[in-house]
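Architecture at a glance
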Amino acid sequence: MFSLCTTTSAAVRPVQEQLPKPKGASETTPEALFWLLLTGEVPTATQTQSITDELNSRASLPQFVEELIDRCPSTLHPMSQFSLAVNALQHDSQFAKAYHAGINRKDYWDPVYEDSLNLLAKLPLVASRIYRNVFKDGKHGKIDTAADYSQNFASLLGYGENREFADLMRLYLVIHSDHEGGNVSAHTTHLVGSALSDPYLSFAAGLNGLAGPLHGLANQEVLRWILDMQEKIGTDTPTEDQIRDYCWATLNSGRVVPGYGHAVLRKTDPRYMAQREFALKHLPEDKLFKTVSTLYKVVPGVLTEHGKTKNPWPNVDAHSGVLLRHFGLVEQDFYTVLFGVSRAFGVLSQLIWDRALGFSIERPKSLTTEAIRKMFEKQ
């Protein structure tokens, strides 16, 4: 199946170019990507609009879910609130009801598809409600049925008047939607779904994995590391030599340089390059972006010399926080929620295919202590 993570940058660009864009936008939409992930075909503008219209028609929250979010203390992490709300939405799962009624397993995919569309439609309302409650004035907007998914999300967050931010949301939601099974959130959603847990329960489990500092919190860690570097060096325009020295200080203290390295890729993450091209177009003079660009020049050489990193090149997390901060979305604890909204498009399309193909429950194998001892006794 198609994956934005493991494709080369040469493959990602044609996808971005071929998928339809809303009128006046410079980026494609997660709706178009969702069609591609489900069918393997590039949608027409009309087909893409049909997904947009379908999601907009389903975009409402039960009152008890709104009240549940509103009663959360502002000190509860946004990701915890996000997972809580998704679990609560399970109340209306069509798959859970169909399974209880005795649906034939060959038809499992149908209510899973319906649940997935319903969940995708509600995520901007859930995420923006958390954002407005925790960081803003607690006032909430409504879905504009004439707008695409990302434009609506931008408006609900309070940035709807900024066309460039809406385009950033389109880019962000597309490139973070990765559905390949090698990462924690995608694999967790697949694993829990293999037990025939419905899409709400499965995705909530994936969100809990995404919340970890080695996964979805990584973009937040990158930005904090850069800001900490600037503070300690005493300038927002550090030189290559200053950055090089700070990287070595980080490594020598037993820490890692966040945003560099990837478990699968052995080259610059194509999603990093997509964000870099966006920055070069929309914010070339931004000081933080210039620092990120200097890091791109310096860090691979440092990590290569250090010799303990298989891939010294930047990954997707090395760039995203800088873009969000430029447009005023500075609340770092919310960044992983944005990641979660995006990831839903990938993992839910995978879950639909899991049920359509009739995949069985996943059962990891276990090893005895004696078996492990034999594996290593000659080493």
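None of these values were measured; they are calculated from a predicted model.

Things to note about a nonpolar patch on the surface
A cluster of nonpolar residues, L367, I372, M375 and F376, forms a patch on the protein surface that exposes about 410 Å² of accessible area. Secondary-structure assignment places I372 in helix 18 (residues 369–376). When its relative accessible area of 37% is taken as the criterion, I372 is described as partly exposed.

Section: the nonpolar core
Among the nonpolar cores identified, the biggest contains 99 residues, and F82, L123, L157 and L329 are the most heavily contacted of them. Each residue touching F82, except ones within four places of it in the same chain, is listed here: L123, V126, A127, I130, L207, V337, G340 and V341.

Some points on the pattern of salt bridges
According to the stated counting rule, one finds 16 salt bridges in the structure shown. Two residues, K106 and D107, come together in a salt bridge whose shortest N-O distance is 3.5 Å. By relative accessible area, which is 58% here, K106 ends up exposed. The closest approach of N and O atoms between K136 and E331, which form a salt bridge, is 3.5 Å.

Topic: the side chain of N315
Note that N315 resides in the loop between helix 15 (287–306) and helix 16 (317–326). A relative accessible area of 9% places N315 in the buried class. At 2.9 Å, the side chain of N315 forms a polar contact with the backbone nitrogen of D317.

Considering the UniProt feature "active site" (unreviewed entry) in the chain
Under the feature "active site" (unreviewed entry), the UniProt entry names H215, H262 and D317. Looking at the element boundaries, D317 is found in helix 16. When its relative accessible area of 10% is taken as the criterion, D317 is described as buried. Apart from the residues lying within four places of it in its own chain, the contact partners of D317 are H215, A218, N219, V222 and F339.

Comments concerning the layout of surface pockets
A volume near 400 Å³ is recorded for the second largest pocket. Considering the residues around the second largest pocket, the lining is formed by 24 residues, among which P22, K23, A147, D148 and R170 are closest to the centre. Breaking the lining of the second largest pocket down by element, the ones donating at least two residues are helix 3 (45–57), helix 8 (149–157) and helix 9 (163–175). Considering only residue class, the lining of the second largest pocket consists of seven nonpolar, nine polar and eight charged.

Looking at the environment of L173
Looking at the secondary structure, you find L173 in helix 9. Measuring from C-alpha to C-alpha, the distance between L173 and T44 comes to 19 Å, with 129 residues separating the pair along the chain. Setting aside its immediate chain neighbours within four residues, L173 contacts P30, Y149, S150, F153, L338, V341 and S342.

Considerations on the packing of aromatic side chains
For the structure shown, the criterion picks out 14 aromatic pairs. Ring centres of Y131 and F334 lie 4.8 Å apart, and the angle between their planes is 50°; on these two criteria the pair is classed as tilted. With a gap of 203 residues between them, Y131 in helix 7 (residues 109–135) and F334 in the loop between helix 16 and helix 17 (335–356) connect regions that are remote in the sequence. Residue F334 is classed as buried on the basis of its relative accessible area, which comes to 0%. Centre to centre, the rings of Y272 and Y296 are 5.1 Å apart; their planes meet at 50°, and the pair counts as tilted. On the criterion of sequence distance, the pair formed by Y272 in helix 14 (residues 270–282) and Y296 in helix 15 is long-range, its members being 24 residues apart. Judged by its relative accessible area of 0%, Y272 falls in the buried class. By the ring-pair criterion, three or more aromatic residues cluster together here, those being Y159, F165, F278 and F327.

Comments concerning the side chain of N183
Positionally, N183 belongs in the loop between helix 9 and helix 10 (184–193). At 2.8 Å, the side chain of N183 and the backbone nitrogen of A186 are in polar contact. When near neighbours in sequence (up to four residues on either side) are disregarded, N183 contacts D178, H215 and R343.

Re the environment of N252
Position of N252 among the secondary structure elements: in helix 13 (residues 240–252). As a C-alpha pair, N252 and H306 span 54 residues in sequence and 9.7 Å in three-dimensional space.

Some thoughts on helix 12 (residues 218–233)
If you check helix 12, its first and last C-alpha atoms are 22 Å apart, about what 16 residues at 1.5 Å a residue would give, namely 22 Å. Within helix 12, burial applies to A218, N219, Q220, V222, L223, W225, I226, M229 and Q230. G234 sits one or two residues past helix 12 and shows a positive phi near 90°.

So, how was this worked out
- Residues numbered from 1 in each chain as written.
- Predicted model: local features only at pLDDT ≥ 70, side-chain atom pairs only at ≥ 80, totals over all residues.
- Heavy atoms only, no water.
- Patch = residues over 30% accessible without salt bridge, like charges linked within 9 Å, V, L, I, M, F, W, Y side chains within 5 Å.
- Areas by Shrake-Rupley, 256 points an atom, 1.4 Å probe, with all protein chains shown as cover.
- Salt bridge = Lys/Arg side-chain N within 4 Å of Asp/Glu carboxyl O.
- Helix = DSSP H or I, 4+ residues; strand = E, 2+ residues; numbered from the N terminus.
- Buried < 20%, exposed > 50% of the residue type's maximum accessible area, 1.4 Å probe, protein only.
- Core = buried A, V, L, I, M, F, W, Y, C linked by side-chain atoms within 4.5 Å.
- Contact = heavy atoms within 4.5 Å.
- Polar contact = N/O pair within 3.5 Å; in protein donor to acceptor, adjacent residues only side chain to side chain.
- UniProt positions renumbered as here; feature names shortened; annotations may be inferred.
- 1 Å grid on protein atoms, 1.4 Å probe; cavity = no way out; pocket = protein on both sides within 12 Å on 5 of 7 lines; lining within 4 Å.
- Points joined across faces, edges and corners; volume = space filled by probe spheres on them.
- Nonpolar A, V, L, I, M, F, W, Y, C, P; charged D, E, K, R; others polar.
- Phe/Tyr/Trp six-rings, centres within 6.5 Å; stacked < 30°, edge-to-face > 60°.
- Expected span 1.5 Å × (residues − 1).

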